[in-house]
Amino acid sequence: MEAATAPEAALRPTLKVKEASPADADGPQASPRRGTGSPLSQLLPPIEEHPKIWLPRALRQTYIRKVGDTVNLLIPFQGKPKPQAIWTRDGCALDTSRVSVRNGERDSILFIREAQRADSGRYQLSVQLGGLEATATIDILVIERPGPPQSIKLVDVWGSSATLEWTPPQDTGNAALLGYTVQKADTKSGLWFTVLERCRRASCTVPNLIVGNSYTFRVFAENQCGLSENAPITADLAHIQKAATVYRTEGFAQRDFSEAPKFTQPLADCTTVIGYDTQLFCCVRASPKPKIIWLKNKMDIQGNPKYRALTHLGICSLEIRKPGPFDGGIYTCKAVNPLGEASVDCRVDVKAPN
C-alpha cells in the first residue's frame, strides 16, 4: 500500500481507546468479584462493533464553499450499540445558532443554511462508544470574491505602449489570488476590452495601442470565486502620439505607356446559315484608347442597323443580325489612335439551310 501524505493522514478517521479503570471494563476484563447478575454489567451492554468513521474522499481535502452556499455534510459511521457522535469546531463547541447537527443510527449530518466566512475552520467529529473513540477532521473554507486593487496609476507611455502599477486588494476573499485582469477603453468608443488575464505581478505593460487614440485602464483582482465586483480606473489618460515622421520620396522617371494599336487576337473566318445571328470577335491593345471602325468589303458599315458593334476593355465584337445571302464577304476591324492604326480581316460565308 502507498504511504499516506501528511494532509490526508491528519484528516483520516482515527480510533482511540480511552483509559478505563477495571470497574469500567466489559466481559473478560471485568472484576472476578463481579457476578453475572451484577447491576453494572447489565447496564453496560457488550460492544458488538467498534466505532469507526467512514469519511468520504471528497472531505479528506479542504472543503471549499462560497459565501451564501449551503453546507450539508453527511458522515457515515459504525458502532454497535449506537455510539455517541459529538461535533466540535477548532476544539470548541459548535454555535447552534448557525450550525445544525442531526445524529442517526449510522450517520451524522452537519448543516449550515447560508455559509459565511466566519464559518471557516476545522470541524471534528468524535464517535464514542464505551471506552473507544473514533475521530475525523474536516477543514471547511468559505470564500467570496476579492476586493478591488488599490491606487492604480499610469506610470509611463512610450510609442504604442503604456505601463501600469497598482497595489493588491486589502481583502482577498479568504482565498489566494489567482492574478489580475487588465482592461483598456479608448475615449472614442468607451468600450472595455481585456488585454491581460491572470497577471501575477502588480504591474504590467500594455502594448499595441492605436496611434492617435487616448486610453483609460482598469484592473480586477481574481480568486477561485471569480473577479472582484469593482475595479479602479486610472485617473490619467494614455495619449498615443503620432510620430513626426518625414517621408522623402526619391524621384523617378514617369513611364510612358502610350502605344499604337495592336491586335492581340485576330478575327476568325466563319460560315453561318441564313437567318441565324452571327458574331465576330477580336482583341486590340492601344494607349490612348483607339477608335474602332468596322468595314465590309472595304466599305464602312458604321450606323447600319443590320450590324451592332461593341467595344469593352479591348474586346471588339460585331453582331450580324439575321444575315442574308448578300451579307457574306470580307469583314475588317480597324483600330486608330494618334500613334497609328492596325486592322484585321476575316471571311464570312453565308449558306442556305439544308
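Residue positions are counted from 1 within each chain, in the order its sequence is given. Local features in this predicted model are restricted to residues of pLDDT 70 or higher, and side-chain atom pairs are both shown and tallied only at a pLDDT of 80 or more, whereas totals for entire chains, interfaces and linings draw on every residue. In computing side-chain values, all of the structure's heavy atoms are included and hydrogens and water are not.

(A) View of the overall build of the chain. Only runs of H or I of at least four residues qualify as helices and only runs of E of at least two qualify as strands under DSSP, and these elements are numbered from the N terminus. Within the chain, the regular secondary structure consists of two helices and 27 strands. Expressed as a percentage of its 354 residues, the buried residues of the chain come to 36%. Whether two residues touch is decided by their heavy atoms; if any such pair falls within 4.5 Å, the residues are in contact. For the chain, long-range pairs separated by at least 24 residues make up 63% of all intrachain contacts whose partners lie at least 6 apart in sequence. As presented, the chain carries roughly 22300 Å² of accessible surface, and 52% of it is formed by carbon and sulfur atoms. When accessible area is computed with a 1.4 Å probe and restricted to protein chains, residues below 20% of their type maximum are described as buried, those above 50% as exposed, and intermediate ones as partly exposed. Computed by Shrake-Rupley with a 1.4 Å probe, the accessible areas treat only the displayed protein chains as cover when residues are assessed.

(B) Local environment of the nonpolar core. Core analysis: the biggest nonpolar cluster contains 23 residues, and Ile53, Leu73, Ile75, Trp87, Leu110, Ile138 and Ile140 have the highest contact counts within it. Elements with a contribution of two residues or more to this core: β4 (71–80), β5 (84–89), β8 (107–112), β9 (121–129) and β10 (132–143). The element that contributes the greatest number of residues to this core is β10, accounting for five residues. With near-sequence residues (within four places) excluded, isoleucine 140 lies in contact with Tyr63, Val71, Leu73, Leu110, Asp119, Ser120, Gly121 and Tyr123. In this text, buried Ala, Val, Leu, Ile, Met, Phe, Trp, Tyr and Cys residues form a nonpolar core when linked through side-chain atoms within 4.5 Å. Among the nonpolar cores identified, the runner-up in size contains 21 residues, and Trp294, Cys316, Leu318 and Ala342 belong to it.

(C) Inspection of the packing of aromatic side chains at higher detail. When two rings of Phe, Tyr or Trp (its six-membered ring) have centres within 6.5 Å they constitute a pair, described as stacked for plane angles under 30 degrees, edge-to-face for angles over 60, and tilted for the intermediate range. Enumeration according to the criterion identifies three aromatic pairs in this entry. Geometrically, the ring pair formed by tyrosine 215 and phenylalanine 217 is stacked, given 6.5 Å between the ring centres and 25° between the ring planes. A residue is classified by how much of its surface remains accessible, and phenylalanine 217, at 0% relative accessible area, is buried.

(D) Geometry of the sheet that holds strand β11 (residues 150–158). The pairing criterion is simple: DSSP has to find at least two bridges between the two strands. Strand order in the open sheet made by the three strands is β11-β12-β15, with antiparallel pairing throughout. Among the strands making up the open sheet, the edge pair consists of β11 and β15 (203–206). For this sheet the average axis-to-axis angle between neighbouring strands, irrespective of direction, equals 20°. Think of each axis as a best-fit line through the C-alpha atoms, taken over the contacting stretch in the case of a helix, with angles from 0 to 180 degrees between the N-to-C directions.

(E) A look at unusual backbone geometry. Of note, the amide linkage connecting lysine 80 to proline 81 takes the cis form, showing an omega dihedral of 5°. As for its placement among the helices and strands, proline 81 is situated in the loop between β4 and β5. A cis amide bond, omega 0°, links serine 287 with the succeeding residue proline 288. Here proline 288 shows up in the loop between β21 (278–287) and β22 (291–296). Despite not being glycine, serine 151 has its phi angle at roughly 45°, a positive value. Mapped onto the elements of the fold, serine 151 is located in strand β11. For asparagine 297, which is not glycine, the phi torsion reads 50° and is therefore positive. One can find asparagine 297 in the loop between β22 and β23 (299–300).

(F) Quick look at the pattern of salt bridges. Here, a salt bridge means any Lys or Arg side-chain nitrogen found within 4 Å of an Asp or Glu carboxyl oxygen. One pass over the full model with this rule turns up 14 salt bridges. For the salt bridge of aspartate 107 with arginine 102, the shortest nitrogen-to-oxygen distance reads 3.3 Å. A relative accessible area of 19% places aspartate 107 in the buried class. For the salt bridge of lysine 306 with aspartate 327, the shortest nitrogen-to-oxygen distance reads 3.3 Å. Note that lysine 306 is positioned in the loop between β23 and β24 (307–312) and aspartate 327 in the loop between β25 (315–320) and β26 (329–337), a separation of 21 residues in sequence. Since its relative accessible area comes to 25%, lysine 306 is described here as partly exposed. One connected set of salt bridges, linked through shared partners, spans Arg117, Glu144 and Asp171.

(G) Spotlight on the sheet that holds strand β27 (residues 340–351). Across the sheet, five strands lie side by side as β20-β27-β26-β22-β23; this open sheet has mixed pairing. Two strands close off the open sheet at either side, each with one partner strand: β20 (270–273) and β23. Both β22 and β23 contribute to a ladder of two bridges, which runs antiparallel. The residue bridging lysine 296 from the neighbouring strand is methionine 299, located in β23.

(H) Focus on the pairing of β11. Relative to strand β12 (residues 161–167), β11 runs antiparallel, the two being bridged by six bridges. From the neighbouring strand, valine 157 faces β12, where its bridge partner is alanine 162.

(I) Structural detail: the pairing of strand β14 (residues 193–199). Sheet topology places strand β13 (residues 179–186) next to β14; four bridges connect them, and they run antiparallel. Residue lysine 184 lies in a different strand from β14, and its bridge partner there is phenylalanine 193. Between β13 and β14, which pair antiparallel one after the other, the connecting turn spans six residues, and glycine 190 there sits at a positive phi close to 75°.

(J) Inspection of the confidence of the model for the chain at higher detail. Each residue carries a pLDDT value, the predictor's own confidence for that position, ranging from 0 to 100. Mean pLDDT for the chain: 86, with 87% of residues reaching 70 or above. For the stretch residues 19–41, pLDDT sits under 50, and the model shows 14 contacts to residues farther than four places along the chain or on other chains.

(K) Just the environment of histidine 312, in detail. With respect to the element layout, histidine 312 can be found in strand β24. Judged by its relative accessible area of 56%, histidine 312 falls in the exposed class. Along the sequence, histidine 312 and cysteine 283 sit 29 residues apart, while their C-alpha atoms lie 9.6 Å from each other.

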